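# A look at the structure
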Amino acid sequence: MGAAQSFRAMCDREKNTNIRVSLPAVCIVWQISMIILFGIFVRYDKESDAHWIETNPKNMSKIENDFYFRYPSFQDVHVMIFVGFGFLMTFLKRYSFGGVGFNFLIAAFGLQWALLMQGWFHHLGDDGKISINVYSMINADFCVAGCLIAYGALLGKVSPVQLMVLTLFGVTLFAVEEYIILNLIYAKDAGGSMVIHTFGAYYGLAISWMLYRPNLDQSSRLQGSVYHSDVFAMIGTLFLWMFWPSFNSAITEHGDGQHRAAINTYLSLASTVLTAVAVSSVYQKHGKLDMVHIQNATLAGGVAVGTAAEFMLMPYGSLIVGFCCGILSTLGYIYITPFLEKYLKIQDTCGIHNLHAMPGVIGGIVGAITAAAASESVYGTEGIKLFKFPPAQQGGHQAGALCVALCFGIGGGILVGAILRLPIWGDPADDNCFDDESYWEVPEEEESIPAVMQYNNHMRNKDVAESNFTMESDTRPRA
Amino acid sequence: MGAAQSFRAMCDREKNTNIRVSLPAVCIVWQISMIILFGIFVRYDKESDAHWIETNPKNMSKIENDFYFRYPSFQDVHVMIFVGFGFLMTFLKRYSFGGVGFNFLIAAFGLQWALLMQGWFHHLGDDGKISINVYSMINADFCVAGCLIAYGALLGKVSPVQLMVLTLFGVTLFAVEEYIILNLIYAKDAGGSMVIHTFGAYYGLAISWMLYRPNLDQSSRLQGSVYHSDVFAMIGTLFLWMFWPSFNSAITEHGDGQHRAAINTYLSLASTVLTAVAVSSVYQKHGKLDMVHIQNATLAGGVAVGTAAEFMLMPYGSLIVGFCCGILSTLGYIYITPFLEKYLKIQDTCGIHNLHAMPGVIGGIVGAITAAAASESVYGTEGIKLFKFPPAQQGGHQAGALCVALCFGIGGGILVGAILRLPIWGDPADDNCFDDESYWEVPEEEESIPAVMQYNNHMRNKDVAESNFTMESDTRPRA
Amino acid sequence: MGAAQSFRAMCDREKNTNIRVSLPAVCIVWQISMIILFGIFVRYDKESDAHWIETNPKNMSKIENDFYFRYPSFQDVHVMIFVGFGFLMTFLKRYSFGGVGFNFLIAAFGLQWALLMQGWFHHLGDDGKISINVYSMINADFCVAGCLIAYGALLGKVSPVQLMVLTLFGVTLFAVEEYIILNLIYAKDAGGSMVIHTFGAYYGLAISWMLYRPNLDQSSRLQGSVYHSDVFAMIGTLFLWMFWPSFNSAITEHGDGQHRAAINTYLSLASTVLTAVAVSSVYQKHGKLDMVHIQNATLAGGVAVGTAAEFMLMPYGSLIVGFCCGILSTLGYIYITPFLEKYLKIQDTCGIHNLHAMPGVIGGIVGAITAAAASESVYGTEGIKLFKFPPAQQGGHQAGALCVALCFGIGGGILVGAILRLPIWGDPADDNCFDDESYWEVPEEEESIPAVMQYNNHMRNKDVAESNFTMESDTRPRA
């Protein structure tokens, strides 16, 4: 062990993961900035202000406060952001703390910055104030989702300070991109196939390309999962899968809009599971399933139905979208991820290219086609007003929006990737990647002691008493 | 190890768990069939169609869309189906992937097939189309629950292909049984004590009886739990327990119906926890608690209050139901499960007889008695219209419904069990049961390496360097 | 090992953890008492009674049943109580069963007793009956939260019988304290900073002080976490964090009240995460983060914003509250918890002083200040009626309420602590604390076998075949 440790120590000297100054500084300074900016700009919306009881029209019931239309969906989205994305990233054997913990950190920062950025673009009143309500909270969570997707490509290879920078720029780019797509191009994208998933995924992939590590195989011993880390990851998978109907319906029109978006997403996701299982099985010896596919590819249908979820996609249309994406996403894990790493120098830890990028683009295309095929007979004279333009033109605008999302993702990622290459962020050395030891106080592994002790019972002639003592005394005391 | 491995290999030759053709074929073909059938039959309901804005009565607020009455409950039910049932079945030390993964697969297939089957029976319009909405989604999840309960008896002993077949037939039988009970007999069963739990449990037990494995003790080494798998299972237990009020109230009448069903279930479940703990403790040396009971028997009160949850059962009535079921269910785990296995040749991995079968039957009986005791003074002249018939007659109909559920469960189970005995489904050999290795790529156990490495530090005179390398290189690379 | 085992056996003789009589007796007798008292006192509320369809005003939609205003929040609170608190307490390496299991038991008992106690004080009708509805269910869950907080200080050191006693008295004290604060002093405390957190935390700390164990370091080997137990605890952390907006808004005024409380809590919690991370990092070598802080201190903002959540605290005000509490709570874990243990003889397993006590007191103070600063221009002429008294006076009442909560917590804790010191409750010996073995059937650790087996492959010259057999045969068979 001596040689290995001294080698690791040498690398640590080169790559210093000490973030004792930078991380606290970033957190405190940025949080103080948030307080000041919120103090200047952010106020309650009419429906969350104590004056509502007076300003609220007399014949309107309190249950018609937008809170009751959207709060259950908001909470589901909130679970997706923190438990869904967080636990999906616990699959690595020794990066579960970083997966769920840094996800927590950057989401908590990102949502504040998103409230400001999105507020300036979308909710700035005549008085120069941003009004926030349950709708803003959902949108802030959405905005954060883009950055968390990007984190998936970089999982285990970056420092928390880099993630904070990624989030700061990611949210900013997101807000501009979203403004262009929704308010200038007038495209529809309720579930964010383009705005969230396409942007977030290409943003992360471009950063990963900029931060390419040719010697990443030095930490290959830590790149797999263990049995229980795969079960933890299923918590993330399932909460994402179950609450995706809420994600895609959270900000759609009241009434039939939310209703239809939930149905479409429910169906698309169900379909995806079967094709992901089928492809996973057919590509393995003896038809064994691969947990990587079950954890990730089963979600592709939710991404791909995002844009069109509120459209009259029809139930069978949703199933078809899910069917194709389950196949494509699983094939992506089998063929495209290795290809990207080998030939395009893109290292994508969680395979976000398969789960978010490709399904996101498909979602944009499905949205464009569905919008272009809209007709008054299907939507009704009122329902068709969902679209700003006549069908064909709307389809063109949808396609344009997809290009905007792609450009912002790739361009922004290259820019931010260049910033993140600066040697000041405390990122780990190649052989220290995917290791919580770099940024966390990790408890010694006690679970294994019983086995060793039992083993010892069969080797009584050896003196191992002190080994137990040593291991125990290594344990981090609580509090 | 050599002899054991060659023996296992021999069994593998006899029982071939290779499902590389059958599983993908079933998934793809059935999913395509779903798409075709959905294309022909399934449309949006009035309240989820874009025309709703026109067809919706002018004086009705958008918040009165059924979506807002039921969507929060739907999401809770959805969590029960995928995380609740899924994680409850992760308790086995080496079958957590199969527990949560196959649960995911068959639920995703089952809900599509359920939308069709239940649609044909319940929601077929004059135009030959099935209209789906949030209510259909809840019912589809309910229907799937029946099959997942049945899976509980078979956990670890069947192949995913068998589970798909079980689900295909299970959903079909469920839809017919449900139609008879609700639409021909006019029994009430909001929480599905009879329709879901009694049917599902006896369906699973009958299949398990047909698939009896006399030499199952060959895999007894894998039939227990480990410390952390028991903690994972508690995730399932708690999400089932917490959201059961939503399960039993999801499809009851708007207003007081949903309100009352939630209260009754909340109380019944609380009561069950105390009696399950009491019985678990009193039957163990030193009063120690058994995780099997805490994970399962604490849920019996939710099953048993299902039918009567929307009735005027009264708060104390709910507590009494929970009280009895906590005791009975725990005693079932202690006495009846071993009895069933030894004398009736029914191997019930999760003990669904104690958690679903007995409490389901009790729930049916409680429902019959409560309905028979209904009176206008208690329900009011409007409230009593909940029942189709006068009280005594309604009680009889409820009892008849229970018999229907039992017959469909047992009869259907024997039929489907006979089909599943065909030697074509890829089920595991007796000594391969409860082992994820059969159907999953399982990562090598890395967690233990630190302990072994620490142990090595005390045995430096031995050359073990290559052992670490070997173990590491065994690890499945991600993606 | 022989000497250690005989020493442990000796301690076991002194401290007998056999609860085979006491635990079942308490559970059964108290549950029967609940049934009798519910039979005498508890009835459905008007909105959950089958007569509602008649008593409900004609022009009122069914969606205006209070169920639809509060049920989604109720379910979120329910998840916090059972999964949030339960899993937060699974962090110990060998007390996860006790953490999540006893939490389950005492919450299930406590909510029944709370419905009665709170009913007698708050919802007793002229007919001597308690009317229950969704509002009562939320309040019962709130009341239970106080006792679960207290459990946090005692985790691992008490028997389940002691916890039942703690809950019986805790709920009783809570109901009285709540009545004084809300109905006599007319203070506002929607999120329960004072009523729930301050009371619960000091109640637990006072009990812990009464039960001081000078030789607790004898079980120090079990006081830490292991890698996966820390990940389990993050499930608890995140569900508490995500659903705290529902907690603080669950019983506030319909409409803008609930809306505003959710926004304030959402913001405060986001702010807390950043400062908790900053302080955690700055106090560790190399800036490494400590999971203890991430699991706990990130929640302090939710506690501290409880009282003022429904007030016009303003978004930046919420951020400031969260900012301060994240710092203070983390510093508490670093400095105050060791100080309390060393000098004040208060052993606080989960650090509830940092997570609930200090933030709770701050929450009370923030509430008093915010109420005292209220004005008609900010709240509107209708909105200001939220407060019973003019601002300055209301502020005084708020401050008085904080004192009541403190007195009830400390005084009640000393009283109940004295009762729990009786040598009849089956609590564990000092060297048996934090060990599930005392009260649970714990499965043998099988996970480690593969590693040992792999290790054996490199030591073939030793006969270890029988060791595998031995370990396997130790495993607890299921059911």
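Residues numbered from 1 in each chain as written. Chains lettered and ligands numbered in written order. Predicted model: local features only at pLDDT ≥ 70, side-chain atom pairs only at ≥ 80, totals over all residues. Heavy atoms only, no water.

### Overview of the overall build of chain A
Of regular secondary structure, chain A possesses 18 helices and two strands. For chain A, contacts bridging at least 24 residues in sequence account for 82% of all contacts bridging at least 6. Approximately 13900 Å² of chain A is accessible, and the part contributed by carbon and sulfur atoms is 62%. (Helix = DSSP H or I, 4+ residues; strand = E, 2+ residues; numbered from the N terminus. Contact = heavy atoms within 4.5 Å. Areas by Shrake-Rupley, 256 points an atom, 1.4 Å probe, with all protein chains shown as cover.)

### Let's talk about the relation of the copies chain A and chain C
Under the fitted operation, chain A is carried onto chain C by 0.0 Å of movement along the axis and a turn of 120°, and the coordinates agree to an RMSD of 0.0 Å. On this basis, the relationship between the two copies can be described by a three-fold rotation axis. Different-surface contact between copies: only 17% of interface residues of chain A are shared with the interface of chain C. (Least-squares fit on C-alpha atoms with pLDDT ≥ 70 in both.)

### A few points about the interface of chain A and chain C
Residue-level contacts link 93 residues of chain A with 100 residues of chain C. Summing both partners gives a buried area of about 8400 Å² for chain A against chain C, and 71% of it is carried by carbon and sulfur. Inspection of the chain A/chain C interface yields zero salt bridges. Taken together, the connections running from chain A to chain C amount to 31 residue pairs in polar contact (both at pLDDT 80 or more). Mapped onto the side of chain A that touches chain C, the elements with two or more residues apiece are helix 2 (22-41), strand 1 (42-44), helix 3 (52-55), helix 4 (66-88), helix 5 (96-122), helix 6 (134-154), helix 9 (227-249) and helix 17 (449-457) of chain A. Among the residues making up the side of chain A that touches chain C, the classes are represented as 53 nonpolar, 20 polar and 20 charged. (Buried area = accessible area lost by both parts, 1.4 Å probe. Salt bridge = Lys/Arg side-chain N within 4 Å of Asp/Glu carboxyl O. Polar contact = N/O pair within 3.5 Å; in protein donor to acceptor, adjacent residues only side chain to side chain. Nonpolar A, V, L, I, M, F, W, Y, C, P; charged D, E, K, R; others polar.)

### Examining the relation of the copies chain A and chain B
Superposing chain A onto chain B takes a rotation of 120° plus a shift of 0.0 Å along the axis, which leaves an RMSD of 0.0 Å. Mapped onto chain B, only 16% of the interface residues of chain A again fall at the interface, so the copies present different surfaces.

### Comments concerning the packing of helix 8 (residues 193-210) of chain B against helix 16 (residues 391-420) of chain B
Axes are the key here: two packed helices are described by the angle between their axes and the distance separating the axes. All names here are of chain B. It is at 7 Å that the axes of helix 8 and helix 16 come closest, and there the two elements cross at 30°. It follows that helix 8 is roughly parallel to helix 16 by the angle criterion. Our pair here, helix 8 against helix 16, has a crossing hand that is right-handed. Of the residues that constitute the contact of helix 8 with helix 16, the class distribution is 18 nonpolar, six polar and no charged. (Axes fitted to C-alpha atoms, helices over the stretch in contact; angles between N-to-C directions. Parallel < 35°, antiparallel > 145°, perpendicular 65-115°, else oblique. Left-handed = near helix turned anticlockwise from the far one by under 90°.)

### A few points about the pattern of salt bridges
Oppositely charged side chains may form a pair once their charged atoms are brought near each other. Residue and element names in this part refer to chain A. Considering all chains together, one arrives at 15 salt bridges over all chains under this definition. Linking Lys385 and Glu382 is a salt bridge whose minimum nitrogen-to-oxygen distance equals 3.1 Å. A residue is classified by how much of its surface remains accessible, and Glu382, at 33% relative accessible area, is partly exposed. Within this structure, Arg213, Asp427 and Asp430 form a network of salt bridges that share partners. (Buried < 20%, exposed > 50% of the residue type's maximum accessible area, 1.4 Å probe, protein only.)

### Here's the deal with the side chain of His293(A)
Residue and element names in this part refer to chain A. Mapped onto the secondary structure, His293 falls in helix 11 (residues 291-296). Residue classification places His293 among the buried positions, given a relative accessible area of 3%. Beyond its immediate stretch of four places on either side in the chain, His293 contacts Ser280, Gln284, Thr298, Thr330, Tyr333 and Ile334.

### Remarks on the confidence of the model for chain A
Low-pLDDT portions of the prediction should not be read for the details of their coordinates. The pLDDT averaged across chain A works out to 90; a share of 90% of its residues lies at or above 70. For this predicted complex, the interface score ipTM comes out at 0.91, while the overall pTM is 0.92. (pLDDT = per-residue confidence, 0-100.)

### Focus on the nonpolar core
With 477 residues, the main nonpolar core has Phe239(A), Phe239(B) and Phe239(C) as its most contacted residues. Once you skip the residues sitting within four places of it in the chain, Phe239(C) turns out to touch Val79(A), Val83(A), Phe239(A), Phe239(B), Val79(C), Met80(C) and Val83(C). (Core = buried A, V, L, I, M, F, W, Y, C linked by side-chain atoms within 4.5 Å.)

### Regarding the state of the cysteines
All names here are of chain C. One pass over the full model with this rule turns up zero disulfides over all chains. Cysteine Cys27 shares no disulfide, and the gap to the nearest cysteine sulfur, in Cys147, comes to 15 Å. Residue class for Cys27 comes out buried when judged on its relative accessible area of 0%. No disulfide involves Cys350; its nearest neighbouring cysteine sulfur is the one of Cys433, lying 13 Å away. Cys350 sits in the buried class, given a relative accessible area of 11%. (Disulfide = S-S within 2.5 Å.)

### Some points on unusual backbone geometry
One can expect most non-glycine residues to show negative phi and most peptide bonds to be in trans. Phi is positive for His286(A), close to 60°, though the residue is something other than glycine. Mapped onto the secondary structure, His286(A) falls in the loop between helix 10 (256-282) and helix 11.

### Let's talk about the side chain of Thr198(B)
Residue and element names in this part refer to chain B. Take Thr198: it is sitting in helix 8. Side-chain polar atoms of Thr198 contact the backbone nitrogen of Val361, separated by 3.5 Å. Excluding residues within four positions of it along the chain, Thr198 makes contact with Ser193, His356, Gly360, Val361, Leu402, Ala405 and Leu406.

### A closer look at the interface of chain A and chain B
On the chain B side, the residues contacting the 100 residues of chain A number 94 residues. Counting across the interface, chain A meets chain B through zero salt bridges. Our enumeration of links across chain A and chain B arrives at 31 residue pairs in polar contact (both at pLDDT 80 or more). Mapped onto the side of chain A that touches chain B, the elements with two or more residues apiece are helix 4, helix 9, helix 10, helix 11, helix 13 (315-343), helix 15 (376-383), helix 17 and helix 18 (465-474) of chain A. Per-element tally for the side of chain A that touches chain B: the top contributor is helix 10 of chain A, with 18 residues. Of the residues in the side of chain A that touches chain B, the class split is 51 nonpolar, 32 polar and 17 charged.

### Side note on a nonpolar patch on the surface
Taken together, the side chains of Ile32(A), Ile36(A) and Ile40(A) define a hydrophobic patch exposed on the protein surface, amounting to about 250 Å² of accessible area. Along the chain, the position of Ile32(A) falls in helix 2. (Patch = residues over 30% accessible without salt bridge, like charges linked within 9 Å, V, L, I, M, F, W, Y side chains within 5 Å.)

### Digging into the packing of aromatic side chains
Applying the stated criterion across every chain, the model contains 87 aromatic pairs over all chains. By the ring-pair criterion, three or more aromatic residues cluster together here, those being Phe67(A), Tyr68(A), Tyr71(A), Phe74(A), Phe69(C) and Tyr266(C). Over the ring of Tyr227(C) we find Arg94(A), and its NZ or CZ is 4.1 Å from the ring centre. A cation over a ring is seen here: Lys388(C) above Tyr186(C), with NZ or CZ 4.4 Å from the ring centre. (Phe/Tyr/Trp six-rings, centres within 6.5 Å; stacked < 30°, edge-to-face > 60°. Lys NZ or Arg CZ within 6 Å of the ring centre and 35° of its normal.)

### Let's talk about the environment of Pro391(C)
Residues and elements named next belong to chain C. You can see Pro391 is positioned in helix 16 (residues 391-420). Pro391 sits 331 residues away from Met60 along the chain, and the two C-alpha atoms are 35 Å apart. Once residues lying within four places of it in the same chain are set aside, the contact partners of Pro391 are Ala371, Ala372 and Ala374.

### Structural notes on the packing of helix 5 of chain A against helix 7 (residues 160-184) of chain A
All names here are of chain A. Two elements in contact, helix 5 and helix 7, have axes whose closest approach is 9 Å; the angle formed by their N-to-C orientations is 30°. Considering how the two elements wind past one another, helix 5 and helix 7 form a crossing that is right-handed. For the contact of helix 5 with helix 7, the residue count by class is 17 nonpolar, six polar and one charged.

### Remarks on helix 14 (residues 352-372) of chain B
If you check helix 14 of chain B, its first and last C-alpha atoms are 29 Å apart, about what 21 residues at 1.5 Å a residue would give, namely 30 Å. When you tally the buried positions in helix 14 of chain B, you get 17 out of 21 residues, the bulk of the element. (Expected span 1.5 Å × (residues − 1).)

### Looking at the environment of Val176(B)
Residues and elements named next belong to chain B. With respect to the secondary-structure elements, Val176 resides in helix 7 (residues 160-184). It is 8.3 Å that separates the C-alpha atoms of Val176 and Met117, two residues lying 59 residues apart in sequence. Dropping the residues within four chain positions of it, Val176 is found in contact with Phe121 and Phe408.

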